[in-house]
Amino acid sequence: MPNMTSNPPPSGRPVMIAARDIVKSFGPHRVLDRVSLTLGQGEVVAVIGPSGSGKSTFLRCLNHLETIDEGSIEVEGEAMVRAVPGGRSQYAGDADVRRLCRKMGMVFQSFNLFPHMTVLQNVIEAPITVKGMARAEIVPKAEELLRKVGLLNKRDNYPGRLSGGQKQRVAIARALAMEPDIMLFDEPTSALDPELTGEVLRTMKQLADESMTMLVVTHEMGFAREVAHRVIFMDEGRVIEEAPSADFFREPRQARSREFLAHML
């Protein structure tokens, strides 16, 4: 199968993430086989493909939840991990890696909210503990973010009293509270009932309309087609096809892409 080289972002967009030839194995199983991606400022890129194709692992490699074996990752022009002679990869120092990771907000499929904290406490926890912000400074910003995702009226509720869609919108607000330059979404609607999926996708579309840089692993083909600027199709740990979303959904070039879409649409 082909392994495509990632196209550069549209002309004039600064490069926010440049990942080149990423290799990641778990034991003898190579999960990522020379995957490359370039993400431009303000772009929305959807990563799609069958389960087990390496999409989520790739996302986790970008923000250091997994370490890579080979390849390089740059965030806003700074090297998080470099390719070195001999084929392995070498990470920057811990402080630099943490600083670069803070440029990226992550939203997981399983919400990962603290159940013993209220909605507001969930949103303000990281800015206070990681960035050292004063509570008086972050609370108004957190309330504005909750208003943005339509949940200010739930600020004092605990996660156990929220629907899945509400929990995911709180998770988005929590990620935004760290004021990231890039948002990473790992199948954010896969744990939701279909009727709750729409409210999360509407929140994500609003972010896209505000020119947030977003990399979204998703099974939601409607979102990929209507909101994403580009689509990357992965299978068996490789990038099989990459194209502007309109082109990909109108006429995918690869037979494997056509087969996948025939089952999804």
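Values in this document were obtained by computation on a predicted structure and should not be read as measured data.

**Q** Requested: an account of the overall build of the protein, with residues and values cited.
**A** Helix and strand content of the protein: 9 helices and 11 strands. For 265 residues, the compact-globule formula gives about 18 Å, and the C-alpha radius of gyration of the protein, at 18 Å, lands near that figure. The principal-axis extents of the C-alpha atoms in the protein amount to approximately 50 × 45 × 40 Å. Taking contacts inside the protein between residues at least 6 apart in sequence as the whole, the part at least 24 apart equals 66%. Surface summary for the protein: the accessible area is close to 11900 Å², and the carbon and sulfur share equals 48%.

**Q** An account of the sheet that holds strand β6 (residues 89-91) is needed here, citing residue identities and associated values.
**A** Within the open sheet, the 5 strands sit side by side as β2-β1-β4-β5-β6. Their pairing is antiparallel. Each edge of the open sheet is held by one strand with a lone partner, namely β2 (29-40) and β6. Averaged over all pairs of adjacent strands, the angle between their axes in this sheet comes to 15°, without regard to strand direction. The sheet contact formed by strand β1 (residues 15-26) and strand β4 (residues 70-75) spans 5 bridges and is antiparallel. Pairing of Ala18 across the sheet is with Glu74, part of β4. On top of the sheet, helix α2 (residues 94-101) reaches β4, β5 (78-83) and β6; it is set at about 120° to β5, its chief contact.

**Q** With reference to specific residues and values, describe the pattern of salt bridges.
**A** This model, assessed by the stated rule, comprises 24 salt bridges. Residue Arg238 pairs with Asp33 through a salt bridge whose shortest N-O separation is 2.8 Å. With Arg238 in strand β11 (residues 238-244) and Asp33 in strand β2, this pair connects stretches of sequence that are 205 residues apart. Owing to a relative accessible area of 15%, Asp33 belongs among the buried residues under this scheme. Taken together, the salt bridges that share partners define one network made up of Lys131, Glu137, Lys141 and Glu179.

**Q** Would you mind going over the pairing of strand β7 (residues 104-107) in detail, with residue names and values included?
**A** Side chains Met104 and Met106 project from β7 onto one buried face, and the interleaved Gly105 and Val107 project onto a second face that is buried too. Both β7 and strand β8 (residues 182-186) contribute to a ladder of 4 bridges, which runs parallel. In the strand pairing of β8, Met104 is matched with Ile182.

**Q** With reference to specific residues and values, describe the packing of aromatic side chains.
**A** Per the counting criterion, the structure on display carries 3 aromatic pairs. Residues Phe233 and Phe248 carry aromatic rings whose centres are separated by 6.4 Å and whose planes lie at 35° to one another, so their mutual orientation is tilted. In this pair, Phe233 is assigned in strand β10 (residues 230-235) and Phe248 in helix α8 (residues 245-250), connecting sequence segments 15 residues apart. The pair Phe233 / Phe248 is uniform in exposure class, with both members buried. Ring geometry for Phe233 versus Phe260: centroids 5.0 Å apart, planes at 45°, classification tilted. You can see Phe233 sitting in strand β10 and its partner Phe260 sitting in helix α9 (residues 255-264), a full 27 residues away along the chain. The residues Phe233 and Phe260 share a single accessibility class, namely buried. Site record: aromatic cluster; members linked through ring pairs are Phe233, Phe248, Phe249 and Phe260.

Cut-offs and rules
Residues numbered from 1 in each chain as written. Predicted model: local features only at pLDDT ≥ 70, side-chain atom pairs only at ≥ 80, totals over all residues. Heavy atoms only, no water. Helix = DSSP H or I, 4+ residues; strand = E, 2+ residues; numbered from the N terminus. Rg over C-alpha atoms; globule rule 2.2 N^0.38 Å. Contact = heavy atoms within 4.5 Å. Areas by Shrake-Rupley, 256 points an atom, 1.4 Å probe, with all protein chains shown as cover. Pairing = 2+ DSSP bridges. Axes fitted to C-alpha atoms, helices over the stretch in contact; angles between N-to-C directions. Salt bridge = Lys/Arg side-chain N within 4 Å of Asp/Glu carboxyl O. Buried < 20%, exposed > 50% of the residue type's maximum accessible area, 1.4 Å probe, protein only. Phe/Tyr/Trp six-rings, centres within 6.5 Å; stacked < 30°, edge-to-face > 60°.

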